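Now for the letters of each chain:
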Amino acid sequence: MKRSFTIFIMLIVFLLFTTGCWNRRELNELAITLAIGLDSTKDGQYLVTTQVVNPGELPTVKDGGGSGGSPTIIYQAKGKTVFEAIRKMTKESPRKIYPSHLRILVIGESLAKKGIGKPLDLLSRDWELRSDFYIVVAKGMRAAEILKVPTSLEKIPANQIFEALKVSDTAWAATSFVQLDDLIADIVSEGKQPVLTGIQTDIKGDEETSLSKQNVEMIDPPASLKLQELAVFNDDKLVGWLNEKQSGTYNVITNKEKSTVVNITCPKGGIAVYEVKSSNTEMKGKIKNGKPEIDLNIRVEGNLGEVECPIDLTKTKTIEKLEKIFEKESKKLFINSIKQVQENDKVDIFGFGEAIHRADPEAWKKLKKDWDKNFEHVPVNIKVQGKIRNVGTVGNSFLEEIE
């Protein structure tokens, strides 16, 4: 009896310390937010746009779809801070904005030019947010305009942007996905400046029709979202845009290139396409005669993806010639792109400063105070090694027989 009473008391004490899911939230009380847009207003406030899932319009296994309405809803509010604007949305939204499943953050160009450090503080501090969402800049427009474009292939626009960025990052070297932790690390770094991929809305014809449900019912939608090249930042402020070649060079040098295609000139004219399957860049900094220098050793491997010229691929010498041409043309491209960034943007997006810091910490202490000015004149020595591993399932092109 005494033992049973003791167990009973222990159970009561245990239950007192068992609170259950004290912070539980029901799904029907939350507005699941997959995309957020940040813009600045003329009166110095933030315009925050959220793209919220409309669960009643998402397709299900049981009924195959909703009632034909939009799968997402847009809520907007202004505030002196991003947090204030999000809370103000409850005046319109019947559910609390819940960003734990955020996939895309879009920053308007005007806000990016003023500085993104302050609004990023909330996103890094809020315990309801994971940091694995992608961040892009709306090139030449507001973020709100991006989030209002309906999409067809992916019913939820945020998912389309997310997947397009992920696919483009693995197949085309001129784009790159950036997550919150990486962006903040580059902003606070003393030897490397951040970049973000741009995005634009392409609207053909009547805007009202293009942004309506009719847009997703057409084979050739009048409104579409397109990824652009990379935006260059100096600390947290947008200072310029890279072109396609410069964007590709950035990804190669920073080891973010996964795959891409490069047109190379054939020995006797015409074009062959080199499909990059892997690349690796070894960057070394050094101090030579009291001045910083950078050595880049770039190794690339790939296949011939297309041949539009008269060459004999059965001969080893032909492959070697194509490799040399690729190396020569790539080196020239990289040198020109780096010089353009040094002369035009004048900010170190490549991480040359970090390389100098690793090589000679004492020299870096003196250089880092005026690194932007030093970066403009840093000599870059480049060596490119290209290998062709495969020429495809056929030998010489059948185009020779046509000619």
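Scroll up to find the structure this text is about.
Residues numbered from 1 in each chain as written. Predicted model: local features only at pLDDT ≥ 70, side-chain atom pairs only at ≥ 80, totals over all residues. Heavy atoms only, no water.

A. Expanded view of the state of the cysteines. Here the structure, examined in full by the defined rule, presents one disulfide. Covalent S-S linkage joins Cys-266 and Cys-309, the inter-sulfur distance amounting to 1.9 Å. Every disulfide takes its handedness from the sign of the S-S torsion; for Cys-266 and Cys-309 that torsion is -65 degrees, giving left-handed. Linking Cys-266 in the loop between β10 (260–265) and β11 (271–288) with Cys-309 in the loop between β12 (291–308) and α10 (316–345), this pair joins segments that are 43 residues apart in sequence. (Disulfide = S-S within 2.5 Å. Helix = DSSP H or I, 4+ residues; strand = E, 2+ residues; numbered from the N terminus.)

B. Region of the structure containing the environment of Gly-108. Tracing the sequence through the fold places Gly-108 in strand β5 (residues 104–108). Assessed through its relative accessible area of 0%, Gly-108 is described here as buried. Sequence separation of Gly-108 and Gly-140 is 32 residues, and the distance between their C-alpha atoms is 7.9 Å. Among all residues touching Gly-108, those that are not within four sequence positions of it are Leu-38, Asp-39, Ala-138, Met-141, Arg-142 and Ala-143. (Buried < 20%, exposed > 50% of the residue type's maximum accessible area, 1.4 Å probe, protein only. Contact = heavy atoms within 4.5 Å.)

C. Summary view of the sheet that holds β11. Spatially, the four strands line up as an open sheet ordered β10-β11-β12-β13, and their pairing is mixed. Where the open sheet ends on each side, the last strands, each with one partner, are β10 and β13 (380–390). For this sheet the average axis-to-axis angle between neighbouring strands, irrespective of direction, equals 40 degrees. Here β10 runs beside β11; their pairing, made up of six bridges, is antiparallel. Residue Thr-260 lies in a different strand from β11, and its bridge partner there is Val-276. Against the sheet, helix α11 (residues 352–359) engages β11, β12 and β13, with an angle of about 45 degrees to β11. (Pairing = 2+ DSSP bridges. Axes fitted to C-alpha atoms, helices over the stretch in contact; angles between N-to-C directions.)

D. Expanded view of the layout of surface pockets. The computed volume of the largest pocket comes to approximately 590 Å³. Around the largest pocket, the lining comprises 23 residues; the ones closest to its centre are Lys-245, Val-261, Val-262, Asn-263 and Leu-333. At the level of elements, α9 (244–253), β10 and α10 are the ones that each hand at least two residues to the lining of the largest pocket. By residue number, the principal contributor to the lining of the largest pocket is α10, which donates seven residues. Each residue belonging to the lining of the largest pocket can be placed in one class, and the counts come to twelve nonpolar, six polar and five charged. (1 Å grid on protein atoms, 1.4 Å probe; cavity = no way out; pocket = protein on both sides within 12 Å on 5 of 7 lines; lining within 4 Å. Points joined across faces, edges and corners; volume = space filled by probe spheres on them. Nonpolar A, V, L, I, M, F, W, Y, C, P; charged D, E, K, R; others polar.)

E. Layout of the pairing of β11. Hairpin connection from β10 to β11: five residues lie between these consecutive antiparallel strands, with Gly-269 at a positive phi of about 95 degrees. Both β11 and β12 contribute to a ladder of 17 bridges, which runs antiparallel. Each bridged residue has a counterpart across the sheet, and for Ser-278 the counterpart in β12 is Glu-301. The turn joining β11 and β12, which pair antiparallel and follow one another in sequence, is formed by two residues; a positive phi near 55 degrees is taken by Asn-289.

F. Up close: unusual backbone geometry. Of note in this structure, Asp-235 is not a glycine but carries a positive phi near 60 degrees. A positive phi angle is found at Asn-255, which is not glycine, with a value near 60 degrees. Position of Asn-255 relative to the elements: it lies in the loop between α9 and β10.

G. Molecular detail of the pattern of salt bridges. Tallying each qualifying case throughout the model produces 20 salt bridges. Residue Lys-368 is joined to Glu-190 by a salt bridge in which the shortest nitrogen-to-oxygen separation is 3.5 Å. Of this pair, Lys-368 sits in the loop between α12 (361–367) and α13 (371–375) while Glu-190 sits in the loop between α7 (180–188) and β7 (195–203), placing them 178 residues apart in sequence. The structure contains a network of salt bridges with shared partners spanning Arg-103, Glu-163 and Lys-166. (Salt bridge = Lys/Arg side-chain N within 4 Å of Asp/Glu carboxyl O.)

H. Main features of the nonpolar core. Counting 44 residues, the largest nonpolar core has Ile-294, Leu-296, Ile-349, Phe-350 and Phe-352 as its most contacted members. When residues of this core are assigned to their parent elements, the largest contribution, seven residues, is made by α10. Residues contacting Phe-352, with those up to four places away along its chain left out, are Gly-191, Ile-253, Met-283, Ile-294, Ile-338, Trp-371, Phe-375 and Val-380. Core analysis: the next-biggest nonpolar cluster, separate from the first, contains 34 residues, Ala-31, Tyr-75, Ile-86 and Val-178 among them. (Core = buried A, V, L, I, M, F, W, Y, C linked by side-chain atoms within 4.5 Å.)

I. Layout of the environment of Val-149. Among the structural elements, Val-149 can be located in the loop between α5 (143–147) and α6 (157–171). Val-149 gets classed as buried once you look at its relative accessible area, which sits at 1%. It is 9.3 Å that separates the C-alpha atoms of Val-149 and Ile-203, two residues lying 54 residues apart in sequence.

J. Geometry of the packing of aromatic side chains. Evaluated as defined, the whole model comprises seven aromatic pairs. Measuring from ring centre to ring centre gives 5.2 Å for Trp-364 and Trp-371, while their planes differ by 70 degrees; the resulting arrangement is edge-to-face. Using a relative accessible area of 2% as the deciding quantity, one classes Trp-364 as buried. An aromatic cluster is defined as three or more aromatic residues linked by ring pairs; in this entry it consists of Tyr-250, Phe-350, Phe-352 and Phe-375. The ring of Phe-162 has Arg-103 lying over it, and the distance from NZ or CZ to the ring centre is 3.8 Å. (Phe/Tyr/Trp six-rings, centres within 6.5 Å; stacked < 30°, edge-to-face > 60°. Lys NZ or Arg CZ within 6 Å of the ring centre and 35° of its normal.)

Coordinates in, geometry out; function isn't part of it.
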